[in-house]
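Here is how the chains run, residue by residue.
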Amino acid sequence: MIVEMKTGAGKTQVNAVVEKAKSLGLGVQMNMGTDKVVVAMLGGNTGQIATDVFAILPGVERVTRIMKPYKLSSREVKKQNTLVQVGGVEIGGDKIVVMAGPCAVESEKQLLEAAKQVKSAGATVLRGGAFKPRTSPFSFQGLQEIGLALLAKAREQTGMPIVTEVVDPHEVTMVAKSADILQVGSRNMQNFTLLTSIGKSGWPVVLKRGFSCTVTEWLTAADYILTEGNPNVILCERGIRTFEDSTRFSLDLSAIPVIKKASHLPVIVDPSHAAGHHDLVPALAKAAVAAGADGLLIEVHPKPAEALVDGLQSLNPAEFTKLMAELRLVAEAVGRKI
Ligand code: PEP
Ligand code: MN
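Conventions used here
Within each chain, residues carry numbers counting from 1 in the order of the written sequence. Just so you know, chain letters begin at A and ligand numbers begin at 1, following the order they were written in. Local features are withheld for residues below a pLDDT of 70 in this predicted model, meaning they are given only at 70 or higher, and side-chain atom pairs are given and counted only at 80 or more; totals for whole chains, interfaces and linings count all residues. Calculation of side-chain values draws on the structure's entire complement of heavy atoms; hydrogens and water are dropped beforehand. In this description, strands pair whenever DSSP reports at least two bridges between them. Numbering of helices and strands runs from the N terminus; a helix is a DSSP stretch of H or I covering at least four residues, while a strand is a stretch of E covering at least two. All axes here are fitted lines through C-alpha atoms, helices being fitted over the stretch that makes contact, and every angle between N-to-C directions spans 0 to 180 degrees. Listed donors are limited to N, O and S atoms within 2.8 Å of the metal, widened to 3.2 Å for Na, K and Ca; water is not among them, so incomplete-looking sites are possible. Three labels apply to residues, based on accessible area from a 1.4 Å probe with only protein chains included: buried if under 20% of the type maximum, exposed if over 50%, partly exposed otherwise in between. Throughout, the term near means that a residue has one or more heavy atoms lying within 4 Å of the molecule or strand in question. Counting of polar contacts relies on pairs of N or O atoms within 3.5 Å, with two restrictions inside protein: one atom must be capable of donating a hydrogen and the other of accepting it, and residues adjacent in sequence are counted only when both atoms are side-chain atoms. For accessible areas, the Shrake-Rupley method is used with a probe of radius 1.4 Å. Any residue's cover is judged against the shown protein chains and nothing else. Between two residues, a contact is recorded if the distance between any of their heavy atoms is within 4.5 Å. These domain boundaries are the output of an automatic or database domain assignment. In this description, a nonpolar core means a group of buried Ala, Val, Leu, Ile, Met, Phe, Trp, Tyr and Cys residues linked to one another through side-chain atoms lying within 4.5 Å. Directions from the helix axis toward the C-beta atoms define the arc. Think of a salt bridge as a Lys or Arg side-chain nitrogen and an Asp or Glu carboxyl oxygen that are within 4 Å of each other.

A. Expanded view of the sheet that holds strand 1 (residues 2-5). Pairing is antiparallel across the open sheet formed by four strands, whose spatial order is 2-3-1-4. Since the sheet does not close on itself, it has two edges, and those belong to strand 2 (27-32) and strand 4 (60-64), each with one partner. Taken over all neighbouring pairs, the strand axes of this sheet differ in orientation by 20° on average, direction set aside. By the bridge criterion, three bridges tie strand 1 to strand 3 (residues 37-42) in an arrangement that is antiparallel. The partner of Glu 4 across the bridge, within strand 3, is Val 38.

Written as structure tokens, this is what we have:
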């Protein structure tokens, strides 16, 4: 942590900073410039000390942290890529994993049809929401426990591992019975009680990026799961909120190489929620693979026009099959496989 004094800050003000540091068990290194004094804090656990304890002192211009706020998710802590193993599928390795299926589980027929279609096109994980956290309480909230039972049935019939969202920290164990991968939705990325509960469960998890959160906040949220001893975290970029309104959200493709540099965790991309329109999904999915994503999470519905949720952004089975063929070429071009 670096404390930068204001130009012309007096000796008493500088001393007050030094005394505060000592009282917190920190050493100091003084840098006396011609106009300014900069005090570098040494030793101790500066990560646990609020910058405000210095920022509030008279004569202090700015306090800057040097250490990154995220730790366990950082490549500094673990150099080699994390591989998450789920029901015979590896996420984070050479092979790009495609997770696909409807936004919400609507009926047995809809789910089983979708499962068979995405499987035959080459998807290896089935997605489907049983608990749907909707912006409005009057929108369809998902089939909930009935939806979970249908997901379990789809897994039994197709052999595909399931990814589904959990919204309540007390329901993690219940949802995990029907899920191979738990999903934390964008709106819950900073629901720290939920993250801790998933951390304790040890269950593989797709942690979606909060649509108003920075990469740093996202990795710090991942630390909540990792610190409970659960290493099976898969990050998912799904678009962030910007001034641009021609798409539902703005897919932050830069996040992929940024994460690859900063973290050892696998990162997948959800082009469906970013785009908001099925026409845009293939281009974003291909771009994500080209940019180094370890997988994709794509909404596919047997009959998008009849979908209860997110029909406009869902691919129909033919569109999905075509996209898979294109994705294989892109994957090969960047030295990977699907
Ligand atoms: C979803 O994938 O079902 C979903 C609701 O996405 P998000 O949390 O990214 O909005
Ligand atoms: Mn959806």
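Following the structure, the description resumes.
B. Seen up close, the coordination of the manganese ion (ligand 2). With distances of 2.0 to 2.3 Å, the protein atoms coordinating the manganese ion (ligand 2) are Cys 103 (SG), His 273 (NE2), Glu 299 (OE) and Asp 310 (OD). Expressed as a motif, the donor residue spacing for the manganese ion (ligand 2) is C-x169-H-x25-E-x10-D. Of this pair, His 273 sits in helix 9 (residues 271-275) while Glu 299 sits in strand 14 (residues 295-299), and the two are 26 residues apart along the sequence. Glu 299 sits in the buried class, given a relative accessible area of 0%.

C. Structural detail: the site of ligand 1. Taken together, the neighbourhood of ligand 1 is formed by Arg 127, Lys 132, Glu 165, Gln 183, Gly 185, Ser 186, Arg 187, Lys 208, Arg 238 and His 273. Between Arg 187 and ligand 1, the recorded distance is 2.9 Å, taken from a side-chain N or O atom to an oxygen atom. Contact with the protein chains hides 95% of the accessible area of ligand 1, taken as 300 Å² for the molecule alone.

D. Region of interest: helix 6 (residues 192-201). Within helix 6 the residues assigned to the buried category are Leu 194, Leu 195, Thr 196, Ser 197, Ile 198 and Gly 199. On its buried side, helix 6 packs onto helix 5 (172-176), strand 10 (181-184), strand 11 (205-208) and helix 7 (215-226).

E. Quick peek at the domain arrangement of the protein. Domain boundaries assigned for the protein yield domain 1 (2-64) and domain 2 (84-333). Distance from the C-alpha centre of domain 1 to the C-alpha centre of domain 2: 45 Å.

F. Geometry of unusual backbone geometry. Although it is not a glycine, Gln 144 sits at a positive phi angle of roughly 55°. In this structure, Gln 144 sits in the loop between strand 8 (125-127) and helix 4 (145-158). For Gln 144, a relative accessible area of 28% translates into the label partly exposed. One non-glycine residue, Asp 310, adopts positive backbone phi at about 55°. Positionally, Asp 310 belongs in the loop between strand 14 and helix 11 (317-333).

G. The arrangement of the nonpolar core in detail. Leu 207, Leu 235, Ile 298 and Phe 320 are the most contacted members of the largest nonpolar core, which has 69 residues in total. At seven residues, helix 7 tops the list of elements feeding residues into this core. Each residue touching Phe 320, except ones within four places of it in the same chain, is listed here: Val 98, Ala 100, Val 118, Ala 121, Ala 123, Ile 298, Val 300 and Leu 315. In terms of nonpolar packing, the next biggest core, distinct from the first, is built from 15 residues, Val 37, Phe 54, Leu 57 and Val 60 among them.

H. Main features of helix 10 (residues 281-290). Taken together, the buried positions of helix 10 are Val 281, Pro 282, Ala 285, Ala 288 and Val 289. All buried residues of helix 10 lie within an arc of 125° about the axis, which places them on one face of the element. Taken together, the buried residues of helix 10 touch helix 8 (255-262), strand 13 (267-269), helix 9, strand 14 and helix 11. After helix 10 finishes, the residue Gly 292 shows a positive phi value of roughly 110°.

I. Representation of the pattern of salt bridges in the model. Taken as a whole and assessed by the stated rule, the structure comprises 16 salt bridges. Of the charged contacts in the structure, one is a salt bridge between Lys 322 and Glu 326, with a shortest N-O distance of 3.1 Å. Residue Lys 322 and its partner Glu 326 are located together in helix 11, separated by four residues, close to a single helical turn. For Lys 322, a relative accessible area of 55% puts it in the exposed group. Relative accessible area serves as the criterion here: at 21%, Glu 326 is assigned to the partly exposed category. Each of Glu 4, Lys 36 and Arg 62 takes part in one network of salt bridges that share partners.

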